[in-house]
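Listed here are the chains, written in short residue letters.
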Amino acid sequence: MAAEPAHSLSRHAMYLKFEHDGEANSGGVGPNRGAASAVADGSRLRSKASGFIQARLSRAKPAPVCRNGMRRMTCCVETPFVVWNENRNGLTSSTASRLPAALASVGSGGNSMILRKLKSTRDNVVVRLAAIAAGLFISGAAALAEGAGEGHAVPGQMGLQRGTTPIAHEMHWFHDQLLLPIITVVCLFVLALLVWVALKYNEKAHPVPSRTTHNSLLEVAWTIVPVLILVVIAIPSFRLLTRQLVLPDADITMKVTGKQWYWTYEYPQDQGGGFSFDSLLKPDADLKPGDIRLLAVDNEAVVPVGKTIRVQVTAADVIHSFVVQSFGSRIDAVPGRLNETWFKPEKEGVYYGQCSKLCGKDHAFMPIAFRVVSEQEYAAWLADAKKKFASTDNSPVAVAAADGAH
Ligand SMILES: [Cu+2]
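Residues numbered from 1 in each chain as written. Predicted model: local features only at pLDDT ≥ 70, side-chain atom pairs only at ≥ 80, totals over all residues.

Some details on the overall build of the chain
Then step 1. Looking only at helices and strands, the chain has ten helices and ten strands in total.
Then step 2. The 406 residues of the chain split such that 26% are buried.
Then step 3. Taking as baseline every contact in the chain between residues at least 6 positions apart, the subset at least 24 positions apart corresponds to 66%. (Helix = DSSP H or I, 4+ residues; strand = E, 2+ residues; numbered from the N terminus. Buried ≥ 20, exposed ≤ 12 C-beta atoms within 10 Å, placed from the backbone. Contact = placed C-beta atoms within 7 Å.)

So, in structure tokens, the structure goes:
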């Protein structure tokens with residue numbers, strides 16, 4: 001029997017011989033009483049198994065029902081795993097070399113040996129699946145760590161843009177350390193339950209369904225546990241929202257107005273400015289080396305590093321939304337209403353954002369660009385900007401709302 005080619009028919013034969021010989025012996029009824037004689041006579045087994053295969057292939061007879069004790073996973077769950085695995089991988093894997101030996105052992109009375117072989121094959125599958133899962137997890141984590149761009153997204157990035165303000169750090173902690181682990185555990189738990197139910201309580205393995213309808217402890221648990229999870233999420237969530245929306249004392253206040261389809265930045269006179277300018281997407285033809293297509297603008301807003309910047313946000317036409325991911329800032333720009341957000345950049349650089357409210361045909365083409373510079377550079381820029389933008393708006397610009405009047 002060892003010389004027999006280990007094609008799928010043989011594997012199937014092994015399974016059928018091993019598990020359903022009792023049925024073959026007794027005409028399809030009664031307990032598994034033919035097993036002992038099957039071990040004693042390998043050739044007889046083979047012919048019986050072949051008969052079963054023929055019956056199965058021709059579909060003249062329904063699939064054999066397991067009579068080997070419904071609680072045993074090895075009977076109706078394990079073997080499909082073997083067949084599945086072999087069909088998927090062909091016979092190139094190490095299991096291929098083990099199968100002829102397993103078949104040979106039938107003739108020498110090795111039922112328990114087959115069982116061990118099957119178990120080791122199942123373990124192999126589990127190990128492989130675990131390896132795949134671990135690989136995905138590691139590559140995902142690496143992508144999360146590497147993919148973060150400084151001030152903008154990068155191709156192939158997974159995860160959030162690197163944060164550069166206290167709020168952004170807190171948001172990232174909330175997402176990476178709290179939400180992601182919770183959703184991962186919940187998903188894996190639900191997946192495990194589904195797999196368990198599908199394998200253990202399918203029609204084949206569990207032909208007589210349970211009549212259980214209530215389990216008070218279980219029902220209380222699946223009500224209380226999600227509530228507790230939501231409470232655990234809600235506490236830091238509300239704390240973060242509060243920190244975002246309650247503005248600290250600001251060093252600089254500026255005003256940003258969303259328009260179809262660009263942004264206007266105003267630096268009030270009482271904040272050292274007294275000018276405003278429009279900031280439009282740079283067309284492809286104007287891009288210089290280092291510019292990022294669809295993010296670079298003609299006039300960037302400039303702010304000093306390490307200062308608390310308060311941004312008053314409104315719109316002139318339709319609703320826009322002021323979002324700079326690296327700052328953790330997101331606030332709607334609503335015509336006739338003055339919203340506020342704030343950020344305190346920790347690092348110099350250029351940080352990009354986008355309008356995040358569908359506002360018309362060029363919604364995708366009105367980026368936000370903030371250049372964070374040192375205080376000296378900021379002072380120099382202010383002086384230049386006053387001259388550069390003075391002609392565009394002669395009316396003095398002042399902070400729209402008194403401090404603390406929000
Ligand atoms: Cu917009």
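Some details on the nonpolar core
Then step 1. One finds Val256, Val311, Phe322, Tyr351, Ile368, Ala369 and Phe370 to be the most contacted residues of the largest nonpolar core, which totals 37 residues.
Then step 2. Among the elements that take part in this core, strand S10 (residues 368–373) stands out by supplying five residues, more than any other.
Then step 3. Residues in contact with valine 311, not counting those within four places in the same chain, are Met254, Val256, Phe322, Glu340, Thr341 and Trp342. (Core = buried A, V, L, I, M, F, W, Y, C linked by C-beta atoms within 7 Å.)

Considerations on the sheet that holds strand S6 (residues 320–324)
Then step 1. Spatially, S4-S10-S9-S6-S7 is the arrangement adopted by the five strands of the open sheet, whose pairing is mixed. Edge positions in the open sheet fall to strand S4 (301–304) and strand S7 (329–333), since each of these has one partner strand only. Strand-to-strand twist across the sheet, computed as the mean angle between neighbouring axes with direction ignored, equals 25 degrees.
Then step 2. Relative to S10, strand S9 (residues 349–355) is paired through five bridges, and the arrangement is antiparallel. Bridge pairing links glycine 349 to valine 372 in S10. (Pairing = 2+ DSSP bridges. Axes fitted to C-alpha atoms, helices over the stretch in contact; angles between N-to-C directions.)

With respect to helix H8 (residues 166–200)
Since the α-helix advances by 3.6 residues per turn, residues separated by three or four positions end up pointing in the same direction.
Then step 1. Across its 35 residues, H8 extends 49 Å between first and last C-alpha, which sits within 8% of the 51 Å expected from 1.5 Å per residue.
Then step 2. Taking the largest bend as the criterion, H8 deviates by roughly 35 degrees, centred on leucine 179, and proline proline 181 comes between one and four positions later.
Then step 3. Within H8, only two of the 35 residues are buried, leaving the element largely exposed. (Expected span 1.5 Å × (residues − 1). Bend = angle between axes of the 7 residues up to and from the residue.)

Let's talk about unusual backbone geometry
Then step 1. The omega angle of the peptide bond from glutamine 260 to tryptophan 261 is -5 degrees, so this bond is cis rather than trans.
Then step 2. With respect to the helices and strands, tryptophan 261 occurs in the loop between strand S1 (252–259) and strand S2 (262–267).
Then step 3. A positive phi angle, near 70 degrees, is found at leucine 294, a position not held by glycine.
Then step 4. Its place among the elements puts leucine 294 in the loop between strand S3 (275–279) and S4.

Some details on the sheet that holds S2
Strand pairing in a sheet takes place through backbone hydrogen bonds and is either antiparallel or parallel in direction.
Then step 1. The strand order across the open sheet formed by five strands is S3-S2-S1-S5-S8, and the pairing between neighbours is mixed. The open sheet is flanked by S3 and strand S8 (339–343), the only strands paired with a single partner. If you compare each strand with its neighbour and ignore which way they point, the axes differ by 25 degrees on average.
Then step 2. Relative to S8, strand S5 (residues 309–315) runs antiparallel, the two sharing five bridges. Its bridge partner lying in S8, arginine 310 is registered against tryptophan 342.

Some words on the pairing of S6
Then step 1. Of all five residues in S6, five are buried; the element is thus mostly enclosed.
Then step 2. The alternating pattern of S6 places His320, Phe322 and Val324 and Ser321 and Val323 on opposite faces, both of which are buried.
Then step 3. Counted between consecutive antiparallel strands, the loop separating S6 from S7 contains four residues, among which glycine 328 sits at a positive phi close to 70 degrees.

Some remarks on the confidence of the model for the chain
Then step 1. For the chain, mean pLDDT is 74; residues scoring 70 or higher make up 59% of the total.
Then step 2. Note that residues 1–43 has pLDDT below 50 and, in this model, 86 contacts with residues that lie over four places away or in other chains.
Then step 3. Every residue in residues 402–406 scores below 50 in pLDDT, and together they form three contacts with partners more than four places removed in sequence or on other chains. (pLDDT = per-residue confidence, 0-100.)

Quick notes on the environment of isoleucine 233
Then step 1. Summarising the element assignment, isoleucine 233 is placed in helix H9 (residues 216–245).
Then step 2. Given 15 C-beta atoms within 10 Å, isoleucine 233 falls into the partly exposed group.
Then step 3. As a C-alpha pair, isoleucine 233 and leucine 178 span 55 residues in sequence and 7.5 Å in three-dimensional space.
Then step 4. Excluding residues within four positions of it along the chain, isoleucine 233 makes contact with Leu178, Leu179 and Ile182.

Brief notes about the packing of H8 against H9
Then step 1. Running from amino to carboxyl end, H8 crosses H9 at an angle of 170 degrees, the nearest separation of the two axes being 10 Å. Of the possible angle classes, the one that applies to H8 and H9 is roughly antiparallel. Across the interface between the two elements, Ile167, Glu170, Met171, Phe174, Leu178, Leu179 and Ile182 from H8 touch Ile229, Ile233, Pro236, Ser237, Leu240, Arg243 and Gln244 from H9. (Parallel < 35°, antiparallel > 145°, perpendicular 65-115°, else oblique.)

Observations concerning the pairing of S7
Then step 1. Where S6 meets S7, five bridges bridge the pair, whose relative direction is antiparallel. Across the sheet, valine 324 pairs through a bridge with serine 329, a residue of S7.

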